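Chain by chain, the residues run as shown.
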Amino acid sequence: GPGWSKAKIRPRPGRIREFDAKVAHPQGELRVKLQDGRLTVSSPVPVEVHWADKVQDLPAGKHKL
């Protein structure tokens, strides 16, 4: 979103079974982690997550999908 007010997460891991991605954000760190088939998203701003054929609008914070 404008001024990093919202983020969009759309991971496409393909054959990768695990990853831990971090992006610097003016309000803190945005982190997306895939482990054991579960996606964890930690964000200092609201996020729109596209995962497992679903789109979810989530508030800032840590979420396990």
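What you see is a predicted model; the values in this text were computed from it and never measured.

Colleague: Help me understand the overall build of the protein in this model?
Modeller: When its secondary structure is counted, the protein shows zero helices and seven strands. Compactness check: the protein gives a C-alpha radius of gyration of 11 Å against a globular reference of 11 Å for 65 residues, within 12% of the reference. Seen along its three principal axes, the alpha-carbon backbone of the protein occupies a region of about 35 × 20 × 15 Å. Looking at the 65 residues of the protein, the share that counts as buried comes to 32%. Long-range pairs, those at least 24 residues apart, make up 29% of the contacts in the protein between residues at least 6 apart in sequence.

Colleague: Looking at this structure, I do not really get the pairing of strand S4 (residues 38-43). What am I missing?
Modeller: Along any regular strand the residues' side chains alternate between the sheet's two faces. Burial analysis of S4 places five of its six residues in the buried class, the great majority of the element. With five bridges connecting them, strand S3 (residues 28-35) and S4 associate as antiparallel partners. Bridging from a neighbouring strand, Lys 33 pairs with Thr 40 of S4. Linking S3 to S4, which pair antiparallel, is a turn of two residues; within it Asp 36 sits at a positive phi near 55°. Direction of pairing for S4 relative to strand S7 (residues 61-64): antiparallel, over a ladder of four bridges.

Colleague: Looking at this structure, I do not really get the nonpolar core. What am I missing?
Modeller: Looking at soluble globular proteins, one finds that nonpolar side chains tend to be buried together. Counting residues in hydrophobic clusters, the biggest one holds twelve residues: Ala 7, Ile 9, Leu 30, Val 32, Leu 34, Leu 39, Val 41, Val 45, Val 47, Val 49, Trp 51 and Leu 58. For this core, the secondary-structure elements that each account for two or more residues are strand S1 (7-9), S3, S4 and strand S5 (47-51). In contact with Val 41, not counting residues within four places along its chain, are Ile 9, Arg 31, Val 47, Val 49, Gly 61, Lys 62, His 63 and Leu 65.

Reading the values: rules and limits
Residues numbered from 1 in each chain as written. Predicted model: local features only at pLDDT ≥ 70, side-chain atom pairs only at ≥ 80, totals over all residues. Heavy atoms only, no water. Helix = DSSP H or I, 4+ residues; strand = E, 2+ residues; numbered from the N terminus. Rg over C-alpha atoms; globule rule 2.2 N^0.38 Å. Buried < 20%, exposed > 50% of the residue type's maximum accessible area, 1.4 Å probe, protein only. Contact = heavy atoms within 4.5 Å. Pairing = 2+ DSSP bridges. Core = buried A, V, L, I, M, F, W, Y, C linked by side-chain atoms within 4.5 Å.

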